[in-house]
Amino acid sequence: MIDLFFYPGSHIAAHDSETGQAIHDFLTSRLGVAVLMGAVIAAPSRPPVIATEPFIAKLVGDAGFTDEMKKYTGRVVRQIVEHLGGKWVRRGVKVTVTSRYGSGSIYTFGGNLALDMKG
């Protein structure tokens, strides 16, 4: 993830906060990337942000689940998945398990994993 350029857009305040930086650092870590890739591959019809929830909760507690931080986390997730060769499929997918997230976006790698690319 060393070559990922994260663009916070309208989420600059969240990104610049201590909580936002902790979330960003986790999601771009080896563990965070593995959690996201595993979630997309294992359950492509479910929002992968749910898989990050226990880690974010342990890392920053309730501060990671304000509306602002949940939207910010979704933006970070999307940029990471797309950076790895994934494609955004749809937003607003209802979460059907107990979670602090009510909905989220889903993604697919569709056989286009970044590690499959020659180059």
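Before reading on, note that the structure itself is shown above.
Bear in mind that the values here come from a model prediction, so they are computed numbers and not experimental data.

### Observations concerning the packing of helix H2 (residues 18-27) against helix H4 (residues 49-60)
With their axes 10 Å apart at the nearest point, H2 and H4 run at an angle of 135 degrees to one another. When the axis of H2 is compared with that of H4, the two are oblique. Note on packing geometry: the crossing formed by H2 with H4 is right-handed. Across the interface between the two elements, Thr19, Ala22, Ile23, Phe26 and Leu27 of H2 pack against Thr52, Phe55, Ile56, Leu59 and Val60 of H4. Looking at the contact of H2 with H4 residue by residue, the class counts come to eight nonpolar, two polar and no charged.

### Side note on helix H5 (residues 67-83)
For H5, which comprises 17 residues, the first-to-last C-alpha distance of 24 Å matches the rise-based estimate of 24 Å (1.5 Å per residue) to within 8%. Within H5, burial applies to Met69, Tyr72, Thr73, Val76, Val77, Gln79, Ile80 and Val81. In the core, the buried residues of H5 are packed alongside helix H1 (12-16), H2, helix H3 (30-42), H4 and strand E2 (103-108). Glycine 85 sits one or two positions beyond H5 and adopts a positive phi of about 100 degrees.

### Digging into the packing of aromatic side chains
Under the defined criterion, the tally for this structure stands at three aromatic pairs. Judged by centre distance (5.8 Å) and plane angle (90 degrees), the ring pair of phenylalanine 6 and tyrosine 72 falls under edge-to-face. Of this pair, phenylalanine 6 sits in the segment before H1 while tyrosine 72 sits in helix H5, and the two are 66 residues apart along the sequence. Each member of the pair, phenylalanine 6 as well as tyrosine 72, carries the same accessibility label: buried. Note on phenylalanine 26 and phenylalanine 55: the rings are 5.3 Å apart at their centroids and 20 degrees apart in plane angle, and the pair reads as stacked. Residue phenylalanine 26 is found in helix H2, and its partner phenylalanine 55 is found in helix H4; the two are separated by 29 residues along the sequence.

### What about H2?
The set of residues buried in H2 consists of Thr19, Gly20, Ile23, His24, Phe26 and Leu27. Take H2 and look down its axis: the buried residues cluster within an arc of 165 degrees, on one side only. Structurally, H2 contributes buried residues whose contacts are with H1, H3, H4 and H5.

### Examining the environment of tyrosine 101
Structurally, tyrosine 101 is set in the loop between strand E1 (87-94) and E2. Among the residues examined, tyrosine 101 registers a relative accessible area of 5% and is labelled buried. Note: C-alpha distance between tyrosine 101 and lysine 71 (30 residues apart in sequence) is 9.9 Å. Leave out the neighbours within four places in its chain, and tyrosine 101 touches Val49, Ile50, Glu53, Ile56, Phe65, Lys70, Thr73 and Val95.

### Focus on the nonpolar core
In a soluble, globular protein the nonpolar side chains are often hidden away together inside. Ile23, Leu27, Ile56, Tyr72, Val77, Ile80 and Tyr101 are the most contacted members of the largest nonpolar core, which totals 26 residues. Elements represented by at least two residues in this core include exactly H2, H3, H4 and H5. Sort the elements by how many residues they give to this core and H5 lands first, with six residues. Not counting the four nearest positions on each side in its chain, valine 77 is found in contact with Leu27, Leu36, Pro48, Val49 and Tyr107.

The rules behind the values
Residues numbered from 1 in each chain as written. Predicted model: local features only at pLDDT ≥ 70, side-chain atom pairs only at ≥ 80, totals over all residues. Heavy atoms only, no water. Axes fitted to C-alpha atoms, helices over the stretch in contact; angles between N-to-C directions. Helix = DSSP H or I, 4+ residues; strand = E, 2+ residues; numbered from the N terminus. Parallel < 35°, antiparallel > 145°, perpendicular 65-115°, else oblique. Left-handed = near helix turned anticlockwise from the far one by under 90°. Contact = heavy atoms within 4.5 Å. Nonpolar A, V, L, I, M, F, W, Y, C, P; charged D, E, K, R; others polar. Expected span 1.5 Å × (residues − 1). Buried < 20%, exposed > 50% of the residue type's maximum accessible area, 1.4 Å probe, protein only. Phe/Tyr/Trp six-rings, centres within 6.5 Å; stacked < 30°, edge-to-face > 60°. Arc of directions from axis to C-beta. Core = buried A, V, L, I, M, F, W, Y, C linked by side-chain atoms within 4.5 Å.

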